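Close look at the chain arrangement
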Amino acid sequence: MNDTKLPTVAHESEMELLPGLTITVLALDNGQRIIPVEDMQRACEFIGIDLEAFHSYLAGQPARKGGE
């Protein structure tokens, strides 16, 4: 059996990015910080982009238009 331990949440906090836009940030016990998908979707909607376009941008790929 593999003894690989999955990271667990060590700390949870709220971060106000702008008035009206607060997201949750989770700090994991391995040092990573993550944002729940729902909060990331809300942040993307707030600034006027969709989450898929944001992921494409981070991956260095052009965003697909119209669900192609």
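Residues numbered from 1 in each chain as written. Predicted model: local features only at pLDDT ≥ 70, side-chain atom pairs only at ≥ 80, totals over all residues. Heavy atoms only, no water.

**A few points about the environment of Pro 36**
Stated formally: Per the convention used, a helix needs a DSSP run of H or I reaching at least four residues, while a strand needs a run of E reaching at least two, with both numbered from the N terminus. Throughout this description, buried means an accessible area under 20% of the type-specific maximum (1.4 Å probe, protein chains only), exposed means over 50%, and partly exposed covers the range between. Note on contacts: a residue pair is in contact if any heavy atoms of the two residues lie within 4.5 Å.
In this structure, Pro 36 sits in the loop between β3 (33-34) and α1 (37-47). Looking at Pro 36, the relative accessible area reads 22%, which means it is partly exposed. In the structure, Pro 36 is positioned 11 residues away from Val 25 in sequence and 7.4 Å away in space, judged by C-alpha atoms. Not counting chain neighbours up to four residues away, the residues in contact with Pro 36 comprise Thr 24 and Leu 26.

**Points about α1**
Residue pairs three or four apart in sequence face the same way in an α-helix, which turns once every 3.6 residues. Short version of the rule: This arc describes the spread of directions from the helix axis toward the C-beta atoms.
Those residues of α1 that sit buried are Asp 39, Met 40, Ala 43 and Cys 44. Viewed along the axis of α1, the buried residues span an arc of 135°, placing them on a single side of the element. Opposite the buried face of α1, by more than 90 degrees, sit the exposed residues Val 37, Glu 38 and Glu 45. Elements that come into contact with the buried residues of α1 comprise β2 (21-28) and α2 (51-59). Looking one or two residues past α1, Gly 48 carries a phi angle of roughly 90°, positive in sign.

**So, α2**
So the rule is basically this: Polar contacts, as counted here, are pairs of nitrogen or oxygen atoms within 3.5 Å of one another; within protein the pair requires one atom able to donate a hydrogen and one able to accept it, and residues that are adjacent in sequence qualify only if both atoms are side-chain atoms.
Two to three positions downstream of the cap, the backbone nitrogen of Glu 52 sits 3.2 Å from a side-chain oxygen, assigning the N-cap of α2 to Asp 50. Remark: Gly 60 follows α2 within two positions and exhibits a positive phi of approximately 75°.

**Quick look at the sheet that holds β3**
Inclusion rule: When DSSP locates at least two bridges between a pair of strands, those strands are taken to pair. Only the stretch in contact is used when fitting a helix axis, every axis being a line fitted to C-alpha atoms; angles between N-to-C directions are given from 0 to 180 degrees.
Spatially, three strands are ordered β1-β2-β3 in an open sheet, and the strand pairing comes out antiparallel. Sheet topology places β1 (9-18) and β3 at the edges, where each strand pairs with a single neighbour. In terms of strand pairing, β2 meets β3 through two bridges, oriented antiparallel. The residue of β3 that forms the bridge with Leu 26 is Ile 34. Along the sheet, α1 contacts β1 and β2; its crossing angle with β2, the most-contacted strand, is approximately 145°.

The quantities given are spatial measurements derived from coordinates; they are silent on function.
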